[in-house]
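Examining the three-dimensional arrangement
Each chain, written out:
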Amino acid sequence: MDISLNRDLDSLNLALDALDEWVVVVDHEANIQFINQPYAQFLGIKREDAYGHKVVDVIENTRMHSVLKSGKKELSKLQKIRGRHMIANRYPIRRGGEVIGAIGFVVYHDTHQWQQINTQIKALVSDLDYYRRALDKEQTGAHYHINDLIGRSPAIQNVNEKIKKVAGGDASVLIRGESGTGKELYAHALHLLSERSKGPFIKINCAAIPEHLLESELFGYAEGAFTGAKRGGKQGKFQLANKGTLFLDEIGDMPLSMQAKLLRVLQDREIEAVGSNRLVKIDVRLVTATHQPLEKLVEVNEFREDLYYRINVVSVELPPLRDRREDIPALAEHFLTRLAGRTGRRAPKLTVDALTRMLEYAWPGNVREMENAIESAFYLSQGYKISLQALPAALTDGIELIDQHLEQGTLKERLALAEKEILEQTLVACKGNRQRAAKVLGIGKTTIYDKLVRYQLTGESFDH
Ligand SMILES: Nc1ncnc2c1ncn2[C@@H]1O[C@H](COP(=O)(O)OP(=O)(O)OP(=O)(O)O)[C@@H](O)[C@H]1O
């Protein structure tokens, strides 16, 4: 027996019988020429008996004859057959432009099947809408003024000076720096220092938005632009940022197709919403940020050179935290005070060991990593001090930790350690003012200086 599948009509029939979809084919007079086995079975007929008969006589509520008449396909139409609602697609068949028949598929045999999918999609769309709105809320408005930013190291002072200088005017600014160095905070500060400070500050993270949504997020869409488009359309970030600042974060991750569109908008200063053919003028200052080596991306054709020059009129480089270690004590204190405020707890202090380790550590995740480290240590420690043990493993790996409860040493050594810690905490509380610390502790000026030298507490980390 030949069991191979041939390119003949029989094989085609077998293939159509194997489908879950039900299939019917009619000729130009709406007579059934083919019906697949599953469909015939559902209708309770022998398919041979249906051949040559008018489709309206065999299938309830059919519209195959209408498709023949209109020559237009009908997609996802509801059809009730034998008490069940089905979803059908119907297509005209043409030869040389003339309609010679039609083919129909029942895609979902039961609306229950379809309803299940529909419910899932509805839930997803509503989730998406919720997160979009939450994201919009979070990404609107500038919250950080330059004076709120912690850090007085020379490297940061240079950045602050540059930001103040370029804030006025409309030059596009590219903020560069490793992840977690504070690029977004500086974009806020730049906006608040600029003449556009009364206008909106709108942020969009190019890396976080799927490529197919990025265009409509940036430029908006017109009503009916695509399935699921909101009635009345939607404004894009460019329109929302009108007369203000648009902050494009992670610009290095923008897909090439969008880069071309963005470049055109920056050149022409007008945008066209998706699905609209109306050009709208925009008045927006562009601030971008990236941790990516843009020049390298230009070399390998992953970032457009012309766009690179457009966005890089002024470039501000944020130094990594390891190059401005002087800022670490102040940042630590800032985060601890903020956590204390939020939780109603008294702000704890870092022990000298913990602070020393934080000053030595390389902080590959920069200020964000430090903020997280402080937060986890804050919740892990209960008392007034945060010891080395409370710091995350990344900082303490490879360091010999002595369990506090098993702390060894003579009484004299342990009293000295306690004295050192009291001195250190008082100094931090007095912002490095030794005279005040001496007064608080009820000791003389000379005594405190002697003790500070003995315990090596004369470093600049206590000066603020
Ligand atoms: N100078 C600073 N003062 C206070 N907090 C800061 C400072 N710099 C950074 N932070 C904090 O560090 C975290 C990271 O900052 P931000 O999101 O601005 O970094 P980023 O460089 O934009 O990071 P990414 O490249 O990952 O987007 C934030 O929680 C921010 O509050």
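Notes on the structure in this doc start here. Note that the structure is predicted; figures quoted are calculated from it, not measured. The residue numbers shown here count from 1 along each chain, following its written sequence. For a predicted model such as this one, the threshold for reporting local features is a pLDDT of at least 70, and the threshold for listing and counting side-chain atom pairs is 80 or more; totals across whole chains, interfaces and linings nevertheless cover every residue. Based on all heavy atoms of the structure, the side-chain values leave hydrogens and waters out of the count.

What to know about the overall build of the chain
Operational definition: In this text, helices come from DSSP runs of H or I with a minimum length of four residues, and strands from runs of E with a minimum of two, each type numbered from the N-terminal end. Exposed residues in this analysis have more than 50% of their type's maximum accessible area, buried residues have under 20%, and partly exposed residues fall in between, with area computed by a 1.4 Å probe over protein chains only. A contact between two residues is defined here by any heavy atoms of the two lying within 4.5 Å. For the area figures, the Shrake-Rupley method with a 1.4 Å probe applies, and any residue is considered shielded solely by the protein chains shown.
Helix and strand counts for the chain stand at 20 helices and 14 strands. Counting every position in the chain, which comprises 464 residues, the buried fraction comes to 41%. Long-range pairs, those at least 24 residues apart, make up 64% of the contacts in the chain between residues at least 6 apart in sequence. On the chain, roughly 26300 Å² of surface is accessible, and the fraction owed to carbon and sulfur atoms is 51%.

Thoughts on the site of the ligand
Basically, it comes down to this: The cutoff for a nearby residue is simple: one of its non-hydrogen atoms must lie within 4 Å of the molecule or strand. In the analysis that follows, any N or O atom pair within 3.5 Å is treated as a polar contact, provided that within protein one partner can donate a hydrogen and the other can accept it, and provided that, for residues neighboring in sequence, both atoms belong to side chains.
Ser 179, Gly 180, Lys 183, Arg 368 and Glu 371 are the nearest of the 17 residues found near the ligand. With respect to the ligand, the side chain of Arg 368 contributes an N or O atom lying 3.0 Å from an oxygen atom. Its free accessible area being 630 Å², the ligand has 89% of it covered by the protein chains. Within the residue set of the shell around the ligand, elements represented by two or more residues are α8 (183-193), α14 (328-343) and α16 (366-380).

Re the pairing of strand β4 (residues 84-95)
Defined as follows: Note: two strands are recorded as paired if DSSP finds a minimum of 2 bridges between them.
Bridge analysis of strand β3 (residues 74-81) against β4 gives six bridges, and the strand direction is antiparallel. Across the sheet, Lys 77 pairs through a bridge with Ala 88, a residue of β4. As paired elements, β4 and strand β5 (residues 98-108) share nine bridges and run antiparallel to each other. Of the residues in β5, the one forming a bridge with Pro 92 is Ala 102. The hairpin formed by β4 and β5 contains two residues between the paired strands, and Gly 96 there has a positive phi angle of roughly 55 degrees.

Brief notes about the nonpolar core
Test applied: Note on terminology: a nonpolar core comprises buried Ala, Val, Leu, Ile, Met, Phe, Trp, Tyr and Cys residues joined through side-chain atoms within 4.5 Å.
In this structure, Leu 218, Phe 238, Leu 246, Leu 248, Met 254, Phe 303 and Ile 311 are the most contacted members of the largest nonpolar core, which totals 31 residues. Those elements that provide at least two residues to this core are β7 (201-205), α9 (211-219), β8 (245-249), α11 (256-268), α12 (294-299) and α13 (305-311). Ranked by residues supplied to this core, first place goes to α11 with five residues. If near-sequence neighbours (up to four positions away) are discounted, Phe 303 is found in contact with Ile 251, Gly 252, Leu 256, Gln 259, Leu 294, Leu 297, Val 298, Tyr 308 and Ile 311. By size, the runner-up hydrophobic cluster in this structure holds 24 residues, among which are Ile 328, Leu 331, Phe 335 and Phe 378.

Details of the side chain of His 191
Mapped onto the fold, His 191 is located in helix α8. Look past the residues within four positions of His 191 in its chain and what remains in contact with it is Ala 142, Arg 196, Ser 197, Gly 199, Pro 200, Phe 201, Gly 244 and Thr 245.

None of this, on its own, says anything about what the molecule does.
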